[in-house]
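Structural features, examined
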Amino acid sequence: MVRIEKEHFSLRQICESGQCFRLELLEETEGQRGKVSRRYGLVAFGKYLMVSQCGSYVEFFCSREEFDSIWKGYFDLTEDYGRLIASIDPGDDYLCRAAAFGSGIRILRQDLWEMIISFIISQQNNIKRIRRCIELLCRTYGIKEKTPKGDTYYTFPTPEALMGASLDDLYACNLGYRSRYIKETARMVCEGEADLVKIRKMDYKEAVQELKKLCGVGEKVANCICLFALHQTDAFPVDTHINKVLKKQYPDGFPFDKYPGYGGSLQQYIFYYDLMNGIS
């Protein structure tokens with residue numbers, strides 16, 4: 001087990017922020033002085049991680065080697081989010097409130113293939129339903145594995161597994177019209193029409209254009225993939241929540257010039273603030 005103390009890190013906020021769909025709350029307990037401890041289970045990169053948090057203390061139930069090689073990067077633990085929040089224009093009251101509200105959010109470094117499929121599924125969908133669809137897809141087409149304690153989990157399906165699925169079976173995973181997008185995108189990856197290795201090496205603008213060649217991937221989904229898989233933090237996905245905020249709070253446009261390279265990180269504060277409060 002690895003125990004760290006980290007400011008500007010909240011498993012609850014990350015779980016609720018709409019960027020990760022396989023981080024699941026397992027239990028929540030109230031301890032001394034009203035402090036709440038939360039334990040989560042996460043499946044990523046074919047591995048299962050149990051992680052808990054109480055205040056600023058976080059416990060990762062894995063070896064130090066696994067923590068250093070996978071989870072430190074996955075949770076972006078070396079980035080100074082306090083510095084980012086402090087850089088926000090104090091005259092921008094809305095953004096200051098949004099960042100203070102969601103100050104524990106970090107931009108995760110997730111698997112590219114998983115994010116492609118996850119955000120194709122996210123279209124015209126809500127977070128709760130996206131989670132259910134992905135879990136069903138993993139149970140149907142992923143590999144069954146066991147945690148060290150003997151509990152069962154399922155890895156994310158490979159492109160080959162999804163290419164080989166029938167449309168009827170994908171529809172049975174409650175994917176609806178997205179079933180065709182997923183099957184065709186899997187085929188494109190398997191047959192070399194889309195090269196994930198090359199996409200990982202592209203800059204933001206080039207990656208967006210390449211991702212948009214995939215079936216069912218438009219501007220918003222491509223930006224989500226760039227932000228949450230490629231960690232291109234200048235990517236700025238615009239969905240209905242963000243669009244409402246931009247029209248009301250930033251009628252002349254969001255001030256990207258003030259935050260070069262970090263627009264996407266600030267977007268997550270805005271998205272989470274509006275999602276949880278509905279005040280845009």
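The structure we're discussing is the one just above.
Residues numbered from 1 in each chain as written. Predicted model: local features only at pLDDT ≥ 70, side-chain atom pairs only at ≥ 80, totals over all residues. Heavy atoms only, no water.

Further remarks concern the pattern of salt bridges. Scanning all chains against the criterion turns up 18 salt bridges. Taking the shortest distance from any N to any O, the salt bridge between D68 and K72 comes out at 3.5 Å. You can see D68 and its partner K72 sitting in helix α2 (residues 64-74), four residues apart, about one turn around the helix. Given a relative accessible area of 31%, K72 falls into the partly exposed group. Its salt-bridge partner being K213, residue E210 comes within 3.1 Å of it at the nearest N-O pair. Residue classification places K213 among the exposed positions, given a relative accessible area of 54%. (Salt bridge = Lys/Arg side-chain N within 4 Å of Asp/Glu carboxyl O. Helix = DSSP H or I, 4+ residues; strand = E, 2+ residues; numbered from the N terminus. Buried < 20%, exposed > 50% of the residue type's maximum accessible area, 1.4 Å probe, protein only.)

Evaluated as defined, the whole model comprises 18 aromatic pairs. Ring plane angle 20 degrees and centroid distance 5.5 Å describe the contact between F119 and F228, whose orientation is recorded as stacked. Placement of F119 in helix α5 (residues 112-121) and of F228 in helix α12 (residues 219-228) is noted, with a sequence separation of 109 residues between them. Its relative accessible area of 3% is what places F119 among the buried residues. Classification of F228 by relative accessible area gives buried; the value is 2%. Every member of this aromatic cluster is reached through a ring pair, and the members are F9, F45, F60, F67, W71, Y74 and F75. (Phe/Tyr/Trp six-rings, centres within 6.5 Å; stacked < 30°, edge-to-face > 60°.)

Contact pair helix α4 (residues 93-101) / helix α14 (residues 263-277): the axes reach a minimum separation of 8 Å and the direction vectors enclose 80 degrees. One finds that α4 runs roughly perpendicular with respect to α14. Contact residues: Y94, L95, R97, A98, A99 and F101 in α4; L266, Y269, I270, Y272, Y273, D274, M276 and N277 in α14. (Axes fitted to C-alpha atoms, helices over the stretch in contact; angles between N-to-C directions. Parallel < 35°, antiparallel > 145°, perpendicular 65-115°, else oblique. Contact = heavy atoms within 4.5 Å.)

In this structure, H8 takes a positive phi of about 55 degrees despite not being glycine. Take H8: it is sitting in the loop between β1 (2-5) and α1 (11-16). A positive phi angle is found at Q124, which is not glycine, with a value near 50 degrees. Mapped onto the fold, Q124 is located in the loop between α5 and α6 (127-141).

The next thing to look at is the side chain of S122. Mapped onto the elements, S122 comes out in the loop between α5 and α6. Residue classification places S122 among the buried positions, given a relative accessible area of 7%. For S122, the side chain forms a polar contact with the main-chain oxygen of F119, separated by 2.7 Å. Not counting residues within four places of it along the chain, the set of residues in contact with S122 comprises I130 and K220. (Polar contact = N/O pair within 3.5 Å; in protein donor to acceptor, adjacent residues only side chain to side chain.)

Across the sheet, which stays open at both edges, the five strands sit in the order β1-β5-β4-β3-β2 with antiparallel pairing between neighbours. Each end of this open sheet is capped by a strand with a single partner; those strands are β1 and β2 (23-30). Across the sheet, the axes of successive neighbouring strands diverge by a mean angle of 20 degrees, strand direction being ignored. As defined by bridge partners, strand β4 (residues 47-54) adjoins strand β5 (residues 57-60) across four bridges and the pair is classed as antiparallel. When the sheet's bridge partners are listed, V51 is paired in β5 with F60. (Pairing = 2+ DSSP bridges.)

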